[in-house]
Amino acid sequence: MHAGTEPDAAFGSRIPPVYLSAGFVFDDFDQARDRFAGDEPGYTYSRSGNPTTAAVERRLAVLEGGAVAPNAEAIVVGSGQAALSVALLGILQAGDHVVSATSIYEGTRGLLRDNLARLGIESSFVVDANDPDAWRRAIRPETRLLFAEPIPNPTNDLVDIEAIARVAHEAGIPLIVDNTLATPYLLRPFEFGADIVVHSASKFLSGHGTALGGVIVDAGTFDYSARPDSFPHLNTPQRALAGRTYVETYGRSASVAYTRQVVASRFGPTLSPFNAFLLQQGLETLSLRVAQHSRNALAVAAWLEGRPEVESVDYAGLASSPHHVLALKYLPDGQGSVFSFTLRGGEPAARAFHDALRLFSRMTHLGDVRSLVLHPASTTHTLLTEQERLANGIGPGLLRLSIGIEDADDLIRDLARGLAAVRALEPAALAG
Ligand SMILES: Cc1ncc(COP(=O)(O)O)c(C=O)c1O
């Protein structure tokens, strides 16, 4: 709540003002020159930096960095997808290779499989993300990073990121983790060896479903000078650094400095200062919200598990989950609130349930204070073949829930309404 902000120096406003300004005036010729050269602190143009944005970056760096990464630095950008793109392009170039878990957000999978592939960057996907040898086998001489999500959605098959960080470091490369579903309240991946964390700040961090945003947090611990040939952009002299390299100039912060100065500001997915303010507001109640989200999710998942219409519930917080042991290790304070369950009766049952809900919003979004429902097989995962969907555990009767902070009894009452609609279907209408 306090990190990263000071009362405003001009008027003592307790909440820092929103600096909605494209640029910043220079007092004189010398100041303009010195700001451009980086010899004088201060701002020039909001694509390169803005005081509202910088305040929320400081807060996010403290939240993710905690005690293990006091030198962590954050960069905020316009969306979660922008955060992924900028983080990956901060490390990769044509000819490089990425190894990722298969169980990642579909947008990121598309980014790796389609967009980066067009730029000459290949990706391999590890199906059993908890088998370190599967990661080792996928690594090639040109592999430059590993990527995973600790809480994948929709099926909650948790990933043992400490084991993967070990594999990455054996190979001399960083591990990037998308921590959107856990948030730093439940899990700080740097404590388990991750080097860079990204988020869709549109979800729990902002929390209220008002603003898109994304964040990259670099722990400031990875040594990019140990294998200079793997990271040439950080180890070759730069004109902009008066002939020095990024590693010489910024040490362990070389990658985040390059990512901020060369990737984020050139590709330009700038977060609006207004959205930075909304993100800042959201972070002030992150702990309260995520604790309530997690309590509600556990209550709802346990209730669903006992219903005869429900075939299975994929929530790592349940003792019955094959991922519960990992949940106890990584998520002792709560297991998040995005999970799925599968109705007996396939798509007709899912459709009846989905359309009968009144309190849940039918939406492709998550981490909102409001509870949300989505049918992945007919929406987010339609680009997969049916075989691929089934291999990912996404059958026609599966529904994804993002549990909000409402009263759990109200949520359960709404879900009971959905199950009543399933029971009302003629038996002939039900699949399987
Ligand atoms: C885990 C995860 N990462 C990244 C994203 C992309 O974020 P955004 O929608 O803010 O671009 C999402 C969006 O749903 C997500 O769920």
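Everything numeric here is computed off the predicted structure, so don't read it as measured data. (Residues numbered from 1 in each chain as written. Predicted model: local features only at pLDDT ≥ 70, side-chain atom pairs only at ≥ 80, totals over all residues. Heavy atoms only, no water.)

S.K.: Quick question: what am I supposed to make of the domain arrangement of the protein chain here?
M.R.: As a measure of interface size, the accessible area lost when the parts come together is often cited. Looking at the protein chain, the domain boundaries give domain 1 (29-282) and domain 2 (286-424). Each of domain 1 and domain 2 was reduced to a C-alpha centroid, and the two centroids are 29 Å apart. In this assembly, 36 residues from domain 1 lie in contact with 40 residues from domain 2. For the pair domain 1 and domain 2, the summed buried area comes to about 3,000 Å², and 62% of that belongs to carbon and sulfur atoms. When residues of domain 1 are sorted by the area they lose upon contact with domain 2, Tyr185, Leu186 and Phe204 head the list and together hold 23% of the total. Viewed at the interface, domain 2 and domain 1 are joined by two salt bridges. Every element with two or more residues in the side of domain 1 that touches domain 2 is listed here: helix 4 (106-118), helix 6 (161-170) and helix 7 (183-186). Broken down by class, the residue content of the side of domain 1 that touches domain 2 amounts to 16 nonpolar, 13 polar and seven charged. (Domains from an automatic or database assignment. Contact = heavy atoms within 4.5 Å. Buried area = accessible area lost by both parts, 1.4 Å probe. Salt bridge = Lys/Arg side-chain N within 4 Å of Asp/Glu carboxyl O. Helix = DSSP H or I, 4+ residues; strand = E, 2+ residues; numbered from the N terminus. Nonpolar A, V, L, I, M, F, W, Y, C, P; charged D, E, K, R; others polar.)

S.K.: Explain the packing of aromatic side chains here, please?
M.R.: What characterises a pair of aromatic rings is the spacing of the ring centres plus the angle enclosed by the ring planes. Scanning the model with the defined rule gives ten aromatic pairs in all. Ring centres of phenylalanine 222 and phenylalanine 231 lie 6.2 Å apart, and the angle between their planes is 80°; on these two criteria the pair is classed as edge-to-face. Judged by its relative accessible area of 11%, phenylalanine 222 falls in the buried class. Looking at phenylalanine 231, the relative accessible area reads 0%, which means it is buried. (Phe/Tyr/Trp six-rings, centres within 6.5 Å; stacked < 30°, edge-to-face > 60°. Buried < 20%, exposed > 50% of the residue type's maximum accessible area, 1.4 Å probe, protein only.)

S.K.: Help me understand the packing of helix 12 (residues 286-305) against helix 16 (residues 408-423), please; the structure alone is not making it clear to me.
M.R.: Axis separation between helix 12 and helix 16 bottoms out at 10 Å; the angle between their running directions is 35°. Two packed elements cross with a definite hand, and for helix 12 against helix 16 that hand is right-handed. Of the residues in helix 16, those touching helix 12 at Asn296, Ala299, Val300 and Trp303 are Ala408, Leu411, Ile412, Leu415, Ala416 and Leu419. When the residues that make up the contact of helix 12 with helix 16 are grouped by side-chain class, the tally is nine nonpolar, one polar and no charged. (Axes fitted to C-alpha atoms, helices over the stretch in contact; angles between N-to-C directions. Left-handed = near helix turned anticlockwise from the far one by under 90°.)

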